[in-house]
Amino acid sequence: MGFLDGKKILVTGVASNRSIAWGCAEAMHKQGAEIALTYQNDKLKSRVEDMAAKCGSDIALPLDVGSDSEIEALFTALAERWDGLDAIVHSIAFAPREQLEGDYVDAVTREGFATAHEISSYSFAALAKAGRSMMEGRNGALLTMTYLGAVRAVPNYNVMGIAKASLEANMRYLAASLGPQGTRVNAISAGPIRTLAAAGISDFRDMLKKVEERTPMRRNVTIEEVGNAAAFLCSDMASGITGDVVYVDTGYHILG
Ligand code: 0WD
């Protein structure tokens, strides 16, 4: 018996077994949820299929959130397998690598700004919109992944911090919009974790070290810990929580 028994959950953004999305899928599977995964491109297909199988699932579907037709096709394919959907985990972000190093004003470009916002923020609203009818009447949940760089000027995080601020506002507007149909919308602000996406951020290793030295718990957070919080937020145990950012960062955000 788990607290997600009978729930059908779509988890996007699995790129490797270090992905935060994978921590979410594993934790949710442990709590009894049925899981569907997505993969960004053909290179990731067989890896993500294998990872779905580890969650007892044979649903791994293509999704590049830069494409409206792929978003539509995803929900059409999902509707052929499931009669409804209880939660969507959005764990996707992208900015061109040259945006994520050095001085913000030097690095930012019109194109880099637009890409970061489209892939890292708009895509959350796009998934909410496309998934809305499958989620109706089920007390569903949407969840996204954000970072402290949304509310503080973190070195090298640059335009991604602005995209995360947009994502957090997006989350609140989605919560207001979808609340009347019973869908809750939240974000987890995770501490730094070594993943493929994180490798694109300049001096990421220093960031991990700095957090470890200063944070109240004197260690970095794990994908299992983020996954457990995600499982809770997508469950009926969190039925009163919407429009919120929950920090899963071993307390780093409270420091002055
Ligand atoms: O320290 C960290 N790792 C933190 C990550 C701290 C706080 C928040 N986050 C956020 C990230 O910003 C992101 O929103 O968590 C989310 C997941 O990131 P992750 O688990 O750190 O990274 P990763 O394992 O790389 O998964 C992100 C994936 C991509 O991986 P790559 O490495 O290929 O960029 O997002 C997917 C892709 O699989 N992705 C897309 N999926 C569909 N369409 C797209 C796209 N256009 N672009 C990227």
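Residues numbered from 1 in each chain as written. Predicted model: local features only at pLDDT ≥ 70, side-chain atom pairs only at ≥ 80, totals over all residues. Heavy atoms only, no water.

Asks: Sorry if this is basic, but what is going on with the overall build of the protein here?
Replies: Per the secondary structure count, the protein includes 8 helices and 7 strands. For 256 residues, the compact-globule estimate of 2.2 N^0.38 gives 18 Å, and the C-alpha radius of gyration of the protein, at 17 Å, lies within 12% of that figure. For the protein, the spread of C-alpha atoms along the three principal axes comes to 50 × 40 × 35 Å. Within the protein, the fraction of its 256 residues that count as buried is 54%. Of the contacts formed within the protein by residues at least 6 apart in sequence, a portion of 74% connects residues at least 24 apart. For the protein, the exposed surface amounts to about 11,900 Å²; the carbon and sulfur share of it is 51%. For the protein, the distance from the average position of its 25 positive side-chain charges to the average position of its 31 negative side-chain charges is 5 Å. (Helix = DSSP H or I, 4+ residues; strand = E, 2+ residues; numbered from the N terminus. Rg over C-alpha atoms; globule rule 2.2 N^0.38 Å. Buried < 20%, exposed > 50% of the residue type's maximum accessible area, 1.4 Å probe, protein only. Contact = heavy atoms within 4.5 Å. Areas by Shrake-Rupley, 256 points an atom, 1.4 Å probe, with all protein chains shown as cover. Lys, Arg positive; Asp, Glu negative; His and termini not counted. Charge placed at Lys NZ, Arg CZ, Asp CG, Glu CD.)

Asks: Just checking my understanding: could you explain the site of the ligand for this structure?
Replies: Taken together, the neighbourhood of the ligand is formed by 26 residues, with Ser-19, Ile-20, Lys-164, Ile-193 and Thr-195 sitting nearest. Take Lys-164: an N or O atom from its side chain is 2.8 Å from an oxygen atom of the ligand. The fraction of the free accessible surface of the ligand (860 Å²) that becomes covered by protein chains is 89%. For the shell around the ligand, the per-class residue count stands at 17 nonpolar, 7 polar and 2 charged. (Near = heavy atom within 4 Å. Polar contact = N/O pair within 3.5 Å; in protein donor to acceptor, adjacent residues only side chain to side chain. Nonpolar A, V, L, I, M, F, W, Y, C, P; charged D, E, K, R; others polar.)

Asks: Is there a simple way to think about a nonpolar patch on the surface in this case?
Replies: A cluster of nonpolar side chains, namely Phe-3, Phe-232 and Met-237, defines an oily patch on the protein surface of about 260 Å² accessible area. Tracing the backbone shows Phe-3 in the segment before strand E1 (8-11). According to the relative accessible area criterion, Phe-3 is partly exposed, its value standing at 31%. (Patch = residues over 30% accessible without salt bridge, like charges linked within 9 Å, V, L, I, M, F, W, Y side chains within 5 Å. Salt bridge = Lys/Arg side-chain N within 4 Å of Asp/Glu carboxyl O.)

Asks: Help me understand the side chain of Thr-38 in this model?
Replies: In this structure, Thr-38 sits in strand E2 (residues 34-39). Residue contacts for Thr-38: discarding those within four places in its chain leaves Leu-10, Val-11, Thr-12, Gly-13, Val-14, Val-48, Leu-61, Leu-63 and Leu-74.

Asks: How do you make sense of the sheet that holds strand E3 (residues 60-62) when you look at a structure like this?
Replies: Strands pair in a sheet through their backbones, by hydrogen bonds, and they do so in one of two ways: parallel or antiparallel. Across the sheet, 7 strands lie side by side as E3-E2-E1-E4-E5-E6-E7; this open sheet has parallel pairing. Both edges of this open sheet fall to E3 and strand E7 (245-248), since each of them pairs with a single strand only. Pairs of neighbouring strands in the sheet enclose a mean axial angle of 20°, with direction left out of account. Here E2 runs beside E3; their pairing, made up of 3 bridges, is parallel. By the bridge assignment for E3, Tyr-39 is matched with Pro-62. (Pairing = 2+ DSSP bridges. Axes fitted to C-alpha atoms, helices over the stretch in contact; angles between N-to-C directions.)

Asks: Where do I start with helix H3 (residues 68-81) in this structure?
Replies: Note on helix geometry: an α-helix contains 3.6 residues per turn, so any two residues three or four positions apart are oriented the same way. With 14 residues, H3 should reach 20 Å at 1.5 Å per residue; the first-to-last C-alpha distance of 21 Å fits that figure. Buried within H3 we find Ile-71, Leu-74, Phe-75 and Leu-78. The arc enclosing the buried residues of H3, seen along the axis, measures out at 85°, which places them on a common side. Every exposed residue of H3 that faces more than 90 degrees away from the buried side is listed here: Ser-69, Glu-72 and Glu-80. (Expected span 1.5 Å × (residues − 1). Arc of directions from axis to C-beta.)

Asks: What's the story with the environment of Trp-22 in this structure? I'm lost.
Replies: By the secondary structure assignment, Trp-22 is in helix H1 (residues 20-30). Distance in space between the C-alpha atoms of Trp-22 and Ser-91 is 9.5 Å, their sequence separation being 69 residues. In this structure, Trp-22 is in contact with Val-14, Ser-16, Asn-17, Leu-37, Met-51, Lys-54, Cys-55 and Ile-223, ignoring residues within four places of it in sequence.

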